[in-house]
Amino acid sequence: MRIRLVATTALAAGTLTALSAVPAQAAEYDSALKIRGIQYDAPGSDSNRCSGGNTAEEYLTIKNYSRSTTVNLKGYVVKDAAGNKFTFTASHTLQPGDYVKLRGGNGTDSDTKNVVYRDNCNFMWNNDKDTIYVYKPSGSRADVHSYTRSGSDADRNGYITFHG
């Protein structure tokens, strides 16, 4: 009986060790809405001026990966590791397979052009590394991804794809 208990305890400990070794970013969340990719480093020299700057060239693409569910973005929250956040305050409907680009800077939101502007001329994403969080209106996490320029962006073009 003692041998069986020791083996069971060792097996359980090994399972716990294996589970704790999985990074948080690897978790798949029960959400149709996921981060498709990010242009974390806007092309050219960074300039966060509202007039003539390039913050609108920095964007996050969020896609509805569902085959049948329409998602309204109202109430969804996007954050970074430093706590910068954007809340979708207006209704933006994503049909199955549809996407939206959340851009920096100022502009006119458009469902037909698949774009929402943060109305903030400061860059949100760090050029060296960051973590992106997407939260549902309920507060539960929809998706999360971390990146580093050296480890995630092999061609160093400032764009990373997460869910193809």
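Residues numbered from 1 in each chain as written. Predicted model: local features only at pLDDT ≥ 70, side-chain atom pairs only at ≥ 80, totals over all residues. Heavy atoms only, no water.

Draft legend 1. Spatial organisation of the sheet that holds strand 7 (residues 99-103). Strand order across the open sheet formed by five strands is 8-7-2-1-11, with mixed pairing between neighbours. The open sheet is flanked by strand 8 (115-117) and strand 11 (159-161), the only strands paired with a single partner. Averaged over all pairs of adjacent strands, the angle between strand axes in this sheet comes to 25 degrees, irrespective of strand direction. (Pairing = 2+ DSSP bridges. Helix = DSSP H or I, 4+ residues; strand = E, 2+ residues; numbered from the N terminus. Axes fitted to C-alpha atoms, helices over the stretch in contact; angles between N-to-C directions.)

Draft legend 2. Quick look at the pairing of strand 1 (residues 33-39). Counted residue by residue, strand 1 has six buried out of seven residues, so it is predominantly covered. Two elements, strand 1 and strand 2 (residues 59-64), share six bridges in a ladder whose sense is antiparallel. Note on strand 2: the bridge partner recorded for Leu33 is Asn64. In the sheet, strand 1 pairs with strand 11 via three bridges, with the strands oriented antiparallel. By the bridge assignment for strand 11, Gln39 is matched with Tyr159. (Buried < 20%, exposed > 50% of the residue type's maximum accessible area, 1.4 Å probe, protein only.)

Draft legend 3. Summary view of the side chain of Asp80. Take Asp80: it is sitting in strand 4 (residues 77-80). No salt bridge is formed by the buried Asp80; the nearest opposite charge belongs to Lys79, separated by 8.2 Å. Polar side-chain contacts of Asp80 include one of 3.2 Å to the backbone nitrogen of Ala82. Side-chain polar atoms of Asp80 contact the backbone nitrogen of Asn84, separated by 2.7 Å. Contacts of Asp80, omitting those with residues within four sequence positions, involve Met124, Trp125, Asp130, Thr131 and Tyr133. (Lys, Arg positive; Asp, Glu negative; His and termini not counted. Salt bridge = Lys/Arg side-chain N within 4 Å of Asp/Glu carboxyl O. Polar contact = N/O pair within 3.5 Å; in protein donor to acceptor, adjacent residues only side chain to side chain. Contact = heavy atoms within 4.5 Å.)

Draft legend 4. Region of interest: the confidence of the model for the protein. The pLDDT averaged across the protein works out to 84; a share of 82% of its residues lies at or above 70. Every residue in residues 1-26 scores below 50 in pLDDT, and together they form five contacts with partners more than four places removed in sequence or on other chains. (pLDDT = per-residue confidence, 0-100.)

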